[in-house]
Amino acid sequence: EAGVTQSPTHLIKTRGQQATLRCSPISGHTSVYWYQQALGLGLQFLLWYDEGEERNRGNFPPRFSGRQFPNYSSELNVNALELEDSALYLCASSALLGGEQFFGPGTRLTVL
Amino acid sequence: AQSVTQLDSQVPVFEEAPVELRCNYSSSVSVYLFWYVQYPNQGLQLLLKYLSGSTLVKGINGFEAEFNKSQTSFHLRKPSVHISDTAEYFCAVSDPHAGGTSYGKLTFGQGTILTVHP
């Protein structure tokens, strides 16, 4: 069974640009979660999508947004990039509310 | 809001020694608890989980954890570590009945870096 996949592996942008990160969940999982892992800040919850709807978002500005497609894959968009957006962005999927989440390998975003 | 405290940011041990990584969480009526491991430049891998039932939970790679409701703790243990266990370990909690800002998400501790020396 294929795990959670993310693309691209690495992404380099300059300040002010937009970044788009992609995630495909495990087959049969309808929930997709996004987390930011920035140096010194730990793992911070960003967004949760389930059945195409945004169910919850963390304490991040509106320039962090996303969507979930009918096949349950998801995109995370970060507009007006700032230097502090440099981080590892992890996507996870789950089949059970509150249950274990299965993580992808992450996308390393570097903002110059 | 939920919170998780991992009491040690770094734990150095020698190979074949036992290890305990400590985790405390904020109290709630019911919680699910998890330990994840992260190897350098990789995502998170689930080590073990507590959803209900026996308070002693066994996971992969010889790890186990004990859920202690009165102490609100979920410490991770391994009786004999290997060099390959060197990684960062994260304790996480979710509340399946939570609403508001805690709805559906995992709350992570700050992580414990385990370094196994030969």
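To start, this report covers the structure provided alongside it. In this text, all values refer to a predicted model and were calculated from it rather than measured experimentally. (Residues numbered from 1 in each chain as written. Chains lettered and ligands numbered in written order. Predicted model: local features only at pLDDT ≥ 70, side-chain atom pairs only at ≥ 80, totals over all residues. Heavy atoms only, no water.)

### Quick notes on the interface of chain B and chain A
Okay, step 1: Counting residues at the interface gives 23 residues for chain B, matched by 21 residues for chain A.
Okay, step 2: In total, about 1,800 Å² of surface goes out of reach between chain B and chain A, with carbon and sulfur atoms giving 58% of it.
Okay, step 3: In this structure, the connection of chain B to chain A is made through one salt bridge.
Okay, step 4: A salt bridge links E100(A) to K49(B), with the shortest nitrogen-to-oxygen separation between them at 2.5 Å.
Okay, step 5: Taken together, chain B and chain A are joined by four residue pairs in polar contact (both at pLDDT 80 or more).
Okay, step 6: Taken together, the elements giving at least two residues each to the side of chain B that touches chain A come down to strand 5 (32–38), strand 6 (44–50) and strand 10 (87–94) of chain B.
Okay, step 7: When grouped by side-chain class, the residues that make up the side of chain B that touches chain A number eleven nonpolar, ten polar and two charged. (Contact = heavy atoms within 4.5 Å. Buried area = accessible area lost by both parts, 1.4 Å probe. Salt bridge = Lys/Arg side-chain N within 4 Å of Asp/Glu carboxyl O. Polar contact = N/O pair within 3.5 Å; in protein donor to acceptor, adjacent residues only side chain to side chain. Helix = DSSP H or I, 4+ residues; strand = E, 2+ residues; numbered from the N terminus. Nonpolar A, V, L, I, M, F, W, Y, C, P; charged D, E, K, R; others polar.)

### Topic: the side chain of Q101(A)
Okay, step 1: Considering the arrangement of structural elements, one finds Q101(A) in the loop between strand 9 (87–94) and strand 10 (102–103).
Okay, step 2: Here the side chain of Q101(A) touches Y35(A) through a polar contact of 2.8 Å, side chain to side chain.
Okay, step 3: What Q101(A) contacts, discounting residues up to four positions off in sequence, is Y33(A), Y35(A), A92(A), S93(A), S94(A), Y36(B), G104(B), K105(B) and L106(B).

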